[in-house]
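As a plain string of letters, each chain reads:
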Amino acid sequence: TSNLEYIITKKVGEKNNIGLVQLNRPKALNALCDGLVTELTEAVSAYDADDKVGAIIVTGSERAFAAGADIKEMLNQTYSSNLKTGLLQQWDNLSKCKKPIIAAVNGFALGGGCELAMMCDIIYAGEKAKFGQPEIIIGTIPGAGGTQRMIRSCGKSFAMEVCLSGNQITAQEALMRGLVSKVFPPEKLVEEAIKLAEKISEHSPLIVALCKESVNHAYESTLSQGLKFEKKLFYGTFATDDRKEGMAAFVEKRKPNFTNN
Ligand code: CAA
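Residues numbered from 1 in each chain as written. Predicted model: local features only at pLDDT ≥ 70, side-chain atom pairs only at ≥ 80, totals over all residues.

*Asks:* How do you make sense of the site of the ligand when you look at a structure like this?
*Replies:* The local shell around the ligand holds 22 residues, among which Ala31, Ala67, Gly68, Gly111 and Gly112 are the closest. Elements with a contribution of two residues or more to the shell around the ligand: α2 (71–74), β6 (108–110) and α4 (112–119). (Near = placed C-beta within 6 Å. Helix = DSSP H or I, 4+ residues; strand = E, 2+ residues; numbered from the N terminus.)

*Asks:* Just checking my understanding: could you explain the packing of helix α5 (residues 146–154) against helix α6 (residues 156–165) for this structure?
*Replies:* At a closest axis distance of 7 Å, the pairing of α5 and α6 adopts a crossing angle of 145 degrees. Both α5 and α6 take part in a crossing whose hand is right-handed. Contacts from Gly146, Thr147, Met150, Ile151 and Cys154 of α5 reach α6 at Lys156, Phe158, Ala159, Val162 and Cys163. Its residues assigned to classes, the contact of α5 with α6 comprises 7 nonpolar, 2 polar and 1 charged. (Axes fitted to C-alpha atoms, helices over the stretch in contact; angles between N-to-C directions. Left-handed = near helix turned anticlockwise from the far one by under 90°. Contact = placed C-beta atoms within 7 Å. Nonpolar A, V, L, I, M, F, W, Y, C, P; charged D, E, K, R; others polar.)

*Asks:* Help me understand the sheet that holds β6 in this model?
*Replies:* Adjacent strands of a sheet form backbone hydrogen bonds with each other and so pair up, either parallel or antiparallel. Read from one edge to the other, the open sheet built from 4 strands follows the order β4-β6-β8-β9, with strand pairing classed as mixed. Looking along the sheet, the strands with just one partner apiece sit at the ends: β4 (64–66) and β9 (169–170). Relative to β9, strand β8 (residues 130–132) runs antiparallel, the two sharing 2 bridges. Among the inter-strand pairings, Lys130 is bridged to a residue of β9, identified as Thr170. Each of β4, β6 and β8 is contacted by α4, which is oriented at about 90 degrees to β6, the strand it contacts most. (Pairing = 2+ DSSP bridges.)

*Asks:* Which parts of the structure should I look at to understand the pairing of strand β2 (residues 18–23)?
*Replies:* On a regular strand, one side chain projects to one face of the sheet and the next to the other, so that they alternate. Across the 6 residues of β2, 5 count as buried, placing the element largely inside the fold. With antiparallel pairing between neighbouring strands as the criterion, strand β1 (residues 7–12) and β2 make up a hairpin whose turn holds 5 residues, including Gly13 at a positive phi of roughly 95 degrees. As paired strands, β2 and strand β3 (residues 55–59) are joined by 5 bridges and run parallel to one another. Along β3, the bridge assignment pairs Ile18 with Ala55. What joins β2 to β3 is helix α1 (residues 34–49), and the crossover it makes is right-handed. (Buried ≥ 20, exposed ≤ 12 C-beta atoms within 10 Å, placed from the backbone. Right-handed = clockwise from strand over helix to strand, strands pointing away.)

*Asks:* Explain the sheet that holds strand β7 (residues 122–126) to me, please; I cannot follow it from the model alone.
*Replies:* Read from one edge to the other, the open sheet built from 6 strands follows the order β1-β2-β3-β5-β7-β10, with strand pairing classed as mixed. The open sheet has two edge strands with one neighbour each: β1 and β10 (182–184). When strand polarity is set aside, the average angle formed by the axes of neighbouring strands in this sheet is 20 degrees. Where β3 lies against strand β5 (residues 101–105), 4 bridges are found, and the strand directions are parallel. Counterpart to Thr59 in the pairing with β5 is Ala104. Those strands touched by helix α8 (residues 189–201) are β1, β2, β3, β5, β7 and β10, and its axis lies near 165 degrees from that of β3.

*Asks:* How should the pairing of β1 be read in this particular structure?
*Replies:* In this sheet, β2 lies alongside β1 in antiparallel orientation, the contact comprising 6 bridges. Residue pairing across strands places Ile8 opposite Gln22, the latter belonging to β2.

*Asks:* Looking at this structure, I do not really get the environment of Phe65. What am I missing?
*Replies:* Inspection of the secondary structure puts Phe65 in strand β4. On a C-alpha basis, the gap between Phe65 and Asn30 in space is 6.7 Å, while along the polypeptide they are 35 residues apart. Other than its neighbours up to four places away in sequence, Phe65 contacts Asn30, Thr59, Gly60, Val105, Asn106, Gly107, Phe108, Ala109, Gly113 and Ala117.

*Asks:* Is there a simple way to explain the packing of helix α9 (residues 205–217) against helix α10 (residues 223–237) in this structure?
*Replies:* Packed helices, taken two at a time, are described by the angle between their axes plus the distance between the axes. Packing of α9 against α10 leaves a shortest axis separation of 9 Å and a crossing angle of 175 degrees. As summarised for this structure, α9 and α10 are arranged roughly antiparallel, according to the angle between their axes. Across from Ile207, Leu210, Glu213, Ser214 and His217 in α9, the residues of α10 making contact are Gly226, Phe229, Glu230, Leu233, Gly236 and Thr237. Looking at the contact of α9 with α10, its residues break down into 4 nonpolar, 5 polar and 2 charged. (Parallel < 35°, antiparallel > 145°, perpendicular 65-115°, else oblique.)

*Asks:* I tried to follow α4 on my own but got confused; where do I start?
*Replies:* Along an α-helix, a turn takes 3.6 residues, which lines up residues three or four apart on a common side. Burial within α4 is extensive, with 7 of its 8 residues counted as buried. For α4, the complete set of buried residues consists of Gly112, Gly113, Cys114, Glu115, Leu116, Ala117 and Met118. Buried residues in α4 make contact with β4, β5, β6, β7, β8 and α5.

As structure tokens, this is what we get:
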């Protein structure tokens, strides 16, 4: 019934409350052509708006999460056409999502694929995943956050090496450098991502969104500004029913019944 060309979407998990988006352009190793990114951002924003969804997972195939922006599509672009059409600008829509997004990465996550993973909130990797920013090899540089986000999770020397060499990084190295939070056997990866998404979805969606916002704020601010922002949101949780319910449930030794208010 769906007329999606480049992705498959479905709700998964025991409570059917996890939005799964699978990139599905196998012939091009999920290269992120314009149509794919449109479908992806629309699917994520639909799940973001769906009250029955607590968290979102983005994944690819065992061979490729995504092998980057579509090189064939970019081949004949020019500086002025980029300015006029805003090349890669629509990717930013992903960061408007208030719900947590988990990237479950098997296979290649190169260039825009690595950047897409880093735009997500949590990265889980399969043991054979390969990350990298190979743009330098084809005469350009990362254009969807690769030079900005990797340095924040992995530090300067490593990020610089990855961006300047174009070398691929293994899942184990990505784990060691803090690019990903956990590594699993490839066939267990999505299942584990679903488990994490389900765990997150047990909490109050309202408070989860505030928590995500607060962690992400660290990217944009100094420590003292960030601490101040966090404190405001923390105090703000006391204006919600769910904060009251959460603490009352703890004291009464029962499970909380969150209402998202
Ligand atoms: N764009 C378009 N098509 C791509 C692609 C990409 N990024 N990556 C792979 N494909 C296509 C190949 O052209 C090939 O298609 P054909 O069969 O029609 O020729 C198909 O996918 C399979 O790829 P390969 O035959 O190359 O597979 P392989 O196993 O030999 O190699 C690979 C796999 C190492 C991932 C290799 O495909 C590769 O190096 N891909 C390009 C990676 C890259 O440079 N990514 C960065 C793109 S630029 C970018 O992302 C800018 C940005 O910052 C957003």
